[in-house]
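Fold and contact review
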Amino acid sequence: MQKNLHLSHDNYFFDIFIRNCNQFTSQENKFVVYIEKDAQTKHVKSNQAIIAEWGSQNFQNAVGDLEKYKAVYIHFLTPKLVNFVLKLPHSVTLVMVFWGSEVFSLKVFFKF
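Residues numbered from 1 in each chain as written. Predicted model: local features only at pLDDT ≥ 70, side-chain atom pairs only at ≥ 80, totals over all residues. Heavy atoms only, no water.

1. Here's the deal with the confidence of the model for the chain
- On average, residues of the chain score 86 in pLDDT, and 86% of them reach the 70 mark or higher.
- Mean pLDDT in the chain bottoms out at helix α4 (residues 101-104), which sits at 61, and peaks at helix α2 (residues 57-63), which reaches 95. (pLDDT = per-residue confidence, 0-100. Helix = DSSP H or I, 4+ residues; strand = E, 2+ residues; numbered from the N terminus.)

As structure tokens, this is what we get:
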């Protein structure tokens, strides 16, 4: 069975998502939380989440071969993730999970 990859930054909601995902789906999922260099997670505590510094070898190892995934879920799109998304193989389904604050952090909204 192919896995789904869930990629997120450290946020309060991801532990809840992991718990619900495991409870309500039979699909195999891999959860990777990316952090900045020398940072620690503040919110994600799940032992099912792999914590890795963005761009590091540890991150590359955690993500692995993107072609092996059925789908890649991007939780909270950031500018950092844009190039990652653009490099996804066409055979992999891309799912964008919007939590809301990524939209309201766009500079276009600062005018209001």
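2. Details of helix α3 (residues 79-86)
- Taken as a whole, α3 has its buried residues at Leu81, Phe84 and Val85. When α3 is viewed along its axis, its buried side chains cluster within an angular range of 100° and face the same direction. α3 presents Pro79, Asn83 and Leu86 as exposed residues on the side facing more than 90 degrees away from its buried surface.
- Close packing links the buried residues of α3 with β1 (3-9), β2 (29-35), α2, β4 (69-75) and β5 (93-97). (Buried < 20%, exposed > 50% of the residue type's maximum accessible area, 1.4 Å probe, protein only. Arc of directions from axis to C-beta. Contact = heavy atoms within 4.5 Å.)

3. Considerations on the pattern of salt bridges
- In total, this model carries 2 salt bridges according to the counting rule given.
- The salt bridge involving Glu28 is made with Lys3; its shortest N-O contact spans 3.8 Å. Taken as a pair, Glu28 in the loop between α1 (12-24) and β2 and Lys3 in strand β1 lie far apart in primary sequence, 25 residues in all.
- Of the residues examined, Glu28 reaches a relative accessible area of 35% and is grouped as partly exposed. (Salt bridge = Lys/Arg side-chain N within 4 Å of Asp/Glu carboxyl O.)

4. Topic: the pairing of β4
- Summarising burial for β4: 5 of the 7 residues are buried, a large majority.
- Both β1 and β4 contribute to a ladder of 6 bridges, which runs parallel. Bridging from a neighbouring strand, His6 pairs with Tyr73 of β4.
- For β4 and β5, the ladder comprises 5 bridges, and the chain directions are parallel. Bridging across to β5, Ile74 finds its partner in Met96.
- For the segment spanning β4, α3 and β5, crossover handedness is right-handed. (Pairing = 2+ DSSP bridges. Right-handed = clockwise from strand over helix to strand, strands pointing away.)

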